[in-house]
Amino acid sequence: MAKIVVDPITRIEGHLRIELESEGGVILKDKAWSETTQFRGLETILQGRDPRDAWAFVGRICGVCTSVHAIASITAVENAIGSNVPTQAKNIRQIMLEAQEIQDHVIHFYHLHALDFVDPASAIEADPQAAVDFAKTIGSTWKGNTLERMTAVKDTVKALVESGQLSIFSGGYIGHPAYKLPPEANLMAVAHYLDALEFQRSMIRIVTTFGGKNPHPNFLVGGMACTIDPEHSESINQVQLDQVSKWIDETLEFVEGCYLPDALAIVGVYKEYFDIGASSPNFIATGLSGTAIGGNPKDAAIGENNFKPGVVYDMNLGGVEDFDADLVEEWATSAWYTYAGGDVGVKPLAGETVPTPAIVPRPPYAMSEEDAASGKKFLNESEQDKYTWCKAPRYNGKPVQVGPLARLIVGYARGHAEIKEIVDYALSTLGITAAQLNSTAGRALARCAESVISARELKNYTFPKFVAALQGGDIDVFDASKWDPETWAAQCSGYAFVEVARGNLSHWVNIENGKITNYQCVVPTTWLAGGRDAQGQIGPYEHSLAGDGKHPLVDPTKPVEVLRTIHSFDPCMSCAVHVLDADGVEVQAVVS
Ligand code: NI
Ligand code: CA
């Protein structure tokens, strides 16, 4: 048996450490620990503040997921105080959520996940014309697939490799035998990596137009902080609408013509990953990506193109159940928090964030068995079996997956036509079953399929709906009737569920005499990265690695298979444990 530590896991947001035990080329069943080593205290910082300001604080939970936290916050506060948000403000938020989600997925696929499958060093052996031809055979219609471009990219990568300074490609397992793409596919993928880096700016300009800036766009409880009026030059007018329309067209062109064929080709070559990385087979989703619901989703009105919030247990696509906010609880069994009531599940509106620093082990932690022999400790051997700052959320007592795959699974089970169409297309193209979607490759594929659905939705529905209403004279974006705290109940509480890039995000707020008394965020990465609960159930990251005792780990010194699986969730640790420990939880050297 070998004890393996991957710390930090790179190409994610924040710090994540994975400890696991392997033997004979596989990870042992139940022997994986997902460890968030970074404490953040934003929920605590919010106590005593004006709830109308909360969005600006929670937007800082993360440098990536800024606008999504802000929207979850204003929606939760509006639910508490009874704001009647104008339709156009909701339309703008939905445009922003969809655009941000697509940009996030594109960045994740090309810049955070692709290098687990693409070997840039192999690209310098490629014939540039063969790369152009390869792109054609996989159905890529991207305008960057030219001989000039592929030649230029090859020269750039060659110069990088020859200089010995790999720049953006450093730190990868370059040359690892687990890389299987032919050189021309690697060259094409590296070219698209660079194109996507350039291109993702267009997508986020959509968010900037309505939010004034990015990251950290401006928001407002009761509506939106921007003005919309085609007649006024200082408002969002026809000039901006034409620009946004063009960026949406380019976004759809990129995701359909470049991202989709690339993703299908890569998961097609690594098809064994449809049988690797299955995680907890329970899924929750409160609608398509971009859905924002104030209050309990079980009572929510369903948008025209949307599906009803739901839960799928045990991958049973024929048995979807309604989603009830009352069944969300968080456990601190394996986390460094203390609950007043002991080791119990706690509902977010009664949530507690009381860190217990006395029992948190101080780094350096053991990185190898040699370290352990010299007295350092592995995190999972810490006091009280606590090993992470991440709480463990459960739905109806069960660990669940959230995210693009969860949305596709629940939407499919609900019979959503566009989801069925694209999922069925992917299944038949790849020759896999729906059950195999619960896998490392399935999560990567789902993220891409969802980007296509969202880009089509944005172009054909969300943006036209907003423009038509605007042209019809609807320029109202703010409900002032509940702005003054004097209009609020002395005690009120509210919450909101928002479907964002990494999955289901909920914010929960209690207000007394106009001030926040308690604030809780249950974030997609918290759902996924949390550890064991009092029933001994492992969390979704842990399950994906150690659920069946079959996950491969060929060379424990180069755990590329672990990266492939963990990256398939698109981890955002900053979000998961919502100020870096001032005492200095230091970043460790990579791997042993
Ligand atoms: Ni985040
Ligand atoms: Ca939380």
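Look above for the structure.
Description of the structure in this document.

Looking now at the overall build of the protein. Scanning the protein for helices and strands turns up 17 helices and 12 strands. With the C-alpha coordinates aligned to their principal axes, the bounding extent of the protein is approximately 65 × 60 × 50 Å. Buried residues in the protein amount to 61% of all 592 residues. Per element, the accessible surface of the protein, about 20900 Å² overall, is 52% carbon and sulfur. Taken as two groups, the 47 positive and 74 negative side-chain charges of the protein have centres that lie 1 Å from each other.

In this structure, Phe 254 and Phe 466 are the most contacted members of the largest nonpolar core, which totals 173 residues. When sequence neighbours within four positions are dropped, the list of residues in contact with Phe 254 reads Val 106, Tyr 110, Trp 142, Ala 196, Phe 199, Met 203 and Tyr 259.

Here we come to the pattern of salt bridges. Oppositely charged side chains can form a pair if their charged atoms are brought close together. Applying the stated criterion across every chain, the model contains 25 salt bridges. For Glu 256, the salt bridge is made with Arg 456, and the minimal N-O distance between the two is 2.7 Å. Within this pair, whereas Glu 256 is found in helix α9 (residues 238–269), its partner Arg 456 is found in helix α13 (residues 440–471), the two being separated by 200 residues in sequence. Between Arg 502 and Asp 570 there is a salt bridge; the shortest N-O distance is 3.3 Å. In this pair, Arg 502 is assigned in the loop between β10 (491–500) and β11 (503–512) and Asp 570 in the loop between α16 (560–567) and α17 (573–576), connecting sequence segments 68 residues apart.

Here we take up the sheet that holds strand β2 (residues 17–23). Strands in a sheet are paired, the pairing made by backbone hydrogen bonds, and the direction either parallel or antiparallel. If you trace the three strands from one edge of the open sheet to the other, you get β1-β2-β3, paired in antiparallel fashion. In this open sheet, the two edge strands, each paired with only one partner strand, are β1 (2–6) and β3 (26–35). Strand after strand, the sheet turns through a mean of 20° between neighbouring axes, direction not considered. Of the pairings in the sheet, the one linking β1 to β2 comprises five bridges and is antiparallel in character. Paired with Val 5 across the bridge in β2 is Glu 19.

The next subject is the packing of helix α7 (residues 147–163) against helix α8 (residues 183–211). It is at 9 Å that the axes of α7 and α8 come closest, and there the two elements cross at 90°. Between α7 and α8, the angle is such that the two are roughly perpendicular. Within the contact between the two elements, α7 uses Arg 149, Met 150, Val 153, Lys 154 and Val 157 and α8 uses Leu 187, Met 188, Val 190, Ala 191, Leu 194 and Asp 195. Here the contact of α7 with α8 is composed, by residue class, of eight nonpolar, no polar and three charged.

As a volume, the largest pocket reaches approximately 850 Å³. Examining the composition of the lining of the largest pocket, we find that seven residues originate from one element, helix α4 (residues 87–113), more than from any other. The residue makeup of the lining of the largest pocket, split by class, is 12 nonpolar, 16 polar and seven charged.

In this model helix α12 (residues 417–430) runs 20 Å from its N-terminal to its C-terminal C-alpha over 14 residues, within 8% of the 20 Å that 1.5 Å per residue would give. Of the positions making up α12, those classed as buried are Ile 419, Ile 422, Val 423, Ala 426, Leu 427 and Leu 430. The buried residues of α12 occupy one face: seen down the axis, they fall within an arc of 135°. Those residues of α12 that are exposed and aimed more than 90 degrees away from the buried face are Ala 417, Glu 421 and Ser 428. Where the residues of α12 are buried, they touch α9, α11 (404–413) and α13. Immediately beyond the C-terminal end of α12, within one or two residues, lies Gly 431, with a positive phi of roughly 70°.

Our next topic: the sheet that holds strand β12 (residues 515–522). Taken together, four strands build an open sheet; the order of strands is β5-β10-β11-β12 and the sheet is antiparallel. One side of each edge strand has no neighbouring strand; the edge strands of this open sheet are β5 (292–294) and β12. Here the strands of the sheet are splayed against their neighbours by 15° on average, with no regard to which way each runs. Across the face of the sheet, helix α3 (residues 66–81) comes into contact with β5, β10, β11 and β12 while running at roughly 145° to β10.

Here we take up the pairing of β12. Of all eight residues making up β12, six are buried, and the element is well covered by its neighbours. Alignment of β11 against β12, held across seven bridges, turns out to be antiparallel. The partner of Ser 506 across the bridge, within β12, is Val 522. Here β11 folds back onto β12 in antiparallel fashion, the turn holding two residues, of which Asn 513 has a positive phi close to 50°.

Looking now at unusual backbone geometry. Of note, the bond from Asp 7 into Pro 8 is cis; its omega dihedral lies within 30 degrees of zero at 0°. The topology assignment puts Pro 8 in the loop between β1 and β2. Note the cis peptide between Pro 363 and Pro 364, where omega equals 5°. Here Pro 364 shows up in the loop between β8 (328–331) and α10 (369–373). Phi at Asn 396 is positive, roughly 50°, even though this residue is not glycine. Judged by relative accessible area, which is 40%, Asn 396 ranks as partly exposed. Unusually for a residue other than glycine, Asp 570 sits at a positive phi of about 55°.

Cut-offs and rules
- Residues numbered from 1 in each chain as written.
- Chains lettered and ligands numbered in written order.
- Predicted model: local features only at pLDDT ≥ 70, side-chain atom pairs only at ≥ 80, totals over all residues.
- Heavy atoms only, no water.
- Helix = DSSP H or I, 4+ residues; strand = E, 2+ residues; numbered from the N terminus.
- Buried < 20%, exposed > 50% of the residue type's maximum accessible area, 1.4 Å probe, protein only.
- Areas by Shrake-Rupley, 256 points an atom, 1.4 Å probe, with all protein chains shown as cover.
- Lys, Arg positive; Asp, Glu negative; His and termini not counted.
- Charge placed at Lys NZ, Arg CZ, Asp CG, Glu CD.
- Core = buried A, V, L, I, M, F, W, Y, C linked by side-chain atoms within 4.5 Å.
- Contact = heavy atoms within 4.5 Å.
- Salt bridge = Lys/Arg side-chain N within 4 Å of Asp/Glu carboxyl O.
- Pairing = 2+ DSSP bridges.
- Axes fitted to C-alpha atoms, helices over the stretch in contact; angles between N-to-C directions.
- Parallel < 35°, antiparallel > 145°, perpendicular 65-115°, else oblique.
- Nonpolar A, V, L, I, M, F, W, Y, C, P; charged D, E, K, R; others polar.
- 1 Å grid on protein atoms, 1.4 Å probe; cavity = no way out; pocket = protein on both sides within 12 Å on 5 of 7 lines; lining within 4 Å.
- Points joined across faces, edges and corners; volume = space filled by probe spheres on them.
- Expected span 1.5 Å × (residues − 1).
- Arc of directions from axis to C-beta.

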